[in-house]
Amino acid sequence: MKMILAVMHDDDAEKALPMLVERKIGVTRLATTGGFLRRGNTTLMIGLADDRVDEALDTLRASLAESDAEDHSRVTVFVLPVAHFEQI
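Residues numbered from 1 in each chain as written. Predicted model: local features only at pLDDT ≥ 70, side-chain atom pairs only at ≥ 80, totals over all residues. Heavy atoms only, no water.

Student: I'm lost on the environment of M3 in this one. Help?
Tutor: Inspection of the secondary structure assignment puts M3 in strand β1 (residues 2–9). Of the residues examined, M3 reaches a relative accessible area of 21% and is grouped as partly exposed. Excluding anything up to four places from it in sequence, M3 contacts M45, I46, G47, F78, V79, L80 and V82. (Helix = DSSP H or I, 4+ residues; strand = E, 2+ residues; numbered from the N terminus. Buried < 20%, exposed > 50% of the residue type's maximum accessible area, 1.4 Å probe, protein only. Contact = heavy atoms within 4.5 Å.)

Student: What am I meant to see in unusual backbone geometry here?
Tutor: The phi angle of most residues is negative, glycine excepted, and most peptide bonds adopt the trans form. The phi angle at K24 is positive, at roughly 60 degrees, despite the residue not being glycine. Secondary-structure assignment places K24 in the loop between α1 (10–22) and β2 (28–34). For K24, a relative accessible area of 69% corresponds to the exposed category.

Student: What is the right way to read helix α2 (residues 53–65) from this model?
Tutor: Taking 1.5 Å per residue, 13 residues should reach 18 Å; α2 reaches 19 Å between its end C-alpha atoms and fits that length. Here α2 has its buried residues at V53, A56, L57, T59, L60, S63 and L64. Angular distribution of buried residues about the axis of α2 spans 155 degrees; they occupy a single face of the element. With respect to the buried face of α2, the exposed residues turned more than 90 degrees away are D54, R61 and A65. In this structure, the buried residues of α2 make contact with β1, α1, β3 (39–48) and β4 (75–81). (Expected span 1.5 Å × (residues − 1). Arc of directions from axis to C-beta.)

Written as structure tokens, this is what we have:
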């Protein structure tokens, strides 16, 4: 199992979220702040099976391709191994 943490601008997250949900990729949205200007960001937490990581990353890329802005880094992605997962 893997955990994807994707830190992106709020506007980009608005496009990515419905695309992930449509593909039945579970996602939790966290409001975060960071960067040089301390602008609002969104961090998406995506927990999924190893064999769906590429699908999730492709979905994030596709969501960014639909946007007009090209003047900044769009998303920072961390793919982390998950040693244990439980829903209580």
